[in-house]
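# Fold and geometry: a report
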Amino acid sequence: MVTPIRILLQTTIPTTTDDWSIARFSMLHDYLASLQDEAGNPLCQVVGRDRVTDIEGNDPILSSLDQSDFDELWLFALDVGDGLSEKDIAGINAFRKRGGGILTTRDHQDMGCSMCGITDIGDTHYFYSQNPDPDDTRLNRDDPYTTYINYPNYHSGANGDYQKVTIVEPVHELLKNPHSPSGIIELFPAHPHEGGIGAVPNNPNTRVIALSKSLITGRDFNLVVAIEHHRDTEGNMLGRAVANSSFHHLVDYNWDIEKGCPTFVDEAPGNGMKNEPHALDDIKAYVRNVALWLAN
């Protein structure tokens, strides 16, 4: 029997009922846990948790992640700068140095900017006050409706709706869906204000693999960045990594709006995901692809 892939689903915020705590990623958790190989054995063993801190302000799991038996970290960076301590970042970097795979995702403006110190990955995420997009034509608002949110805030659609995915050739294996008529993933859950991501400069192992388009400005924006195995200056073979522009691609509310959302969400939802089953099939195919790709 093949040992299942051990995946840690982790937020950077403490457990709070009226927030995007890990309980709101239950559909992702259950789907990953349901995956099986051809012999019917479970592909993944999944643990979900929110941030917990010790007396020194470190998360005991993240700060020693390289010493754990996890194969992958799926990090939902939901803070605005205080979600990871220096020791947490060191633990995550050491985890990747020993070959651990990492998916990272965040959202608009400065949400998730505590990730800036993570090797390679921090450079893929653009924020308002840290590591801004090197293209200064993008340093302005895209979504004009939610006025208390600043850039980057790409408007791909309402929560509960889907957005069309533009594949960057050649097609990356993360974006293949053998059950789709086209053979590729075409739709992702939408969100009114997604964050900004991009390829790491001077790193040939990092590339943008998927784009989307703002429904407000018509501008393309980066949806997914993939980072391949490569050796660092110390000779470590770093694990693979993925960056998504928004955690809303993976949260319950954007897969099924009937799951509900925190009370501070005031944008009207849509029903595109409910009316187009192909959209949910596509994001589930992406999730499965990520789990397998990061493990190799």
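### Quick notes on the overall build of the chain
Helix and strand counts for the chain stand at six helices and 14 strands. Its C-alpha atoms give the chain a radius of gyration of 18 Å, within 12% of the compact-globule value 19 Å for 296 residues. In terms of overall dimensions, the chain has C-alpha extents of about 45 × 45 × 40 Å along its principal axes. Taking all 296 residues of the chain together, 55% fall into the buried category.

### What to know about the sheet that holds strand S4 (residues 101–105)
An order of S2-S1-S3-S4-S14-S11-S10-S7 is seen for the eight strands of this open sheet, with the pairing classed as mixed. The outermost strands of the open sheet, each flanked by one partner alone, are strand S2 (44–49) and strand S7 (166–167). Looking at chain direction, strand S3 (residues 72–76) and S4 are connected through five bridges and run parallel. The residue of S4 that forms the bridge with Leu75 is Thr104. Relative to the sheet, helix H1 (residues 26–34) contacts strand S1 (5–11), S2 and S3, its axis offset from that of S2 by approximately 160 degrees. The sheet contacts of helix H6 (residues 277–294) involve S1, S2, S3, S4, strand S11 (220–227) and strand S14 (241–244), and relative to S3 the element is tilted by about 135 degrees.

### Some words on the pattern of salt bridges
All told, the structure shown has ten salt bridges when counted by the stated rule. Across the pair Glu258 and Lys274 runs a salt bridge whose closest N-O atoms are separated by 3.6 Å. In this pair, Glu258 is assigned in the loop between helix H4 (252–255) and helix H5 (272–275) and Lys274 in helix H5, connecting sequence segments 16 residues apart. With relative accessibility at 62%, the residue Glu258 sits in the exposed group. Note on Lys274: relative accessible area 63%, which makes it exposed.

### Things to note about empty space enclosed by the protein
Taken as a whole, this structure holds one cavity of 30 Å³ or more when the rule is applied. By volume, the largest cavity amounts to about 60 Å³. Tyr126, Phe127, Pro132, Asp133, Arg138, Leu139, Tyr151, Pro152, Tyr154 and Gly196 together form the lining of the largest cavity.

### Describing the side chain of His191
Topologically, His191 is positioned in the loop between strand S8 (187–189) and strand S9 (196–197). Classification of His191 by relative accessible area gives buried; the value is 2%. At 2.7 Å, the side chain of His191 and the side chain of Asn159 are in polar contact. Each residue touching His191, except ones within four places of it in the same chain, is listed here: Asp107, Tyr154, His155, Ser156, Gly157, Ala158, Asn159, Ser246, His248 and Asn254.

### Considerations on the packing of aromatic side chains
Going through the model one piece at a time under the given rule, you end up with seven aromatic pairs. Measuring from centroid to centroid gives 5.5 Å for Trp20 and Phe247, while their planes differ by 65 degrees, and the two rings are edge-to-face. One end of the pair, Trp20, is in the loop between S1 and H1; the other, Phe247, is in the loop between S14 and H4, and 227 residues separate them in sequence. The pair formed by Trp20 and Phe247 is uniform in burial state, with each residue classed as buried. Following the ring pairs from residue to residue traces out a cluster consisting of Trp20, Phe25, Phe76, Phe247 and Tyr253. A cation sits over an aromatic face here: Arg6 above Phe70, 4.6 Å from the ring centre.

### A few points about helix H2 (residues 86–97)
Taking 1.5 Å per residue, twelve residues should reach 16 Å; H2 reaches 16 Å between its end C-alpha atoms and fits that length. If you check which residues of H2 are buried, you get Asp88, Ile89, Gly91, Ile92, Asn93, Phe95 and Arg96. Just downstream of H2 lies Gly99, where phi reads positive at about 100 degrees.

### Structural notes on the pairing of S11
Two faces belong to every sheet, and in a regular strand the side chains alternate between them. Among the eight residues of S11, six are classified as buried, and the element is accordingly described as predominantly covered. Two strands pair when backbone bridges link them, and strand S10 (residues 206–213) and S11 are joined in this way by seven bridges, in the antiparallel orientation. Across the sheet, Lys213 pairs through a bridge with Asp220, a residue of S11. Hairpin connection from S10 to S11: six residues lie between these consecutive antiparallel strands, with Gly218 at a positive phi of about 80 degrees. As judged from the four bridges shared by S11 and S14, these two strands associate in the antiparallel manner.

The rules behind the values
Residues numbered from 1 in each chain as written. Predicted model: local features only at pLDDT ≥ 70, side-chain atom pairs only at ≥ 80, totals over all residues. Heavy atoms only, no water. Helix = DSSP H or I, 4+ residues; strand = E, 2+ residues; numbered from the N terminus. Rg over C-alpha atoms; globule rule 2.2 N^0.38 Å. Buried < 20%, exposed > 50% of the residue type's maximum accessible area, 1.4 Å probe, protein only. Pairing = 2+ DSSP bridges. Contact = heavy atoms within 4.5 Å. Axes fitted to C-alpha atoms, helices over the stretch in contact; angles between N-to-C directions. Salt bridge = Lys/Arg side-chain N within 4 Å of Asp/Glu carboxyl O. 1 Å grid on protein atoms, 1.4 Å probe; cavity = no way out; pocket = protein on both sides within 12 Å on 5 of 7 lines; lining within 4 Å. Points joined across faces, edges and corners; volume = space filled by probe spheres on them. Polar contact = N/O pair within 3.5 Å; in protein donor to acceptor, adjacent residues only side chain to side chain. Phe/Tyr/Trp six-rings, centres within 6.5 Å; stacked < 30°, edge-to-face > 60°. Lys NZ or Arg CZ within 6 Å of the ring centre and 35° of its normal. Expected span 1.5 Å × (residues − 1).

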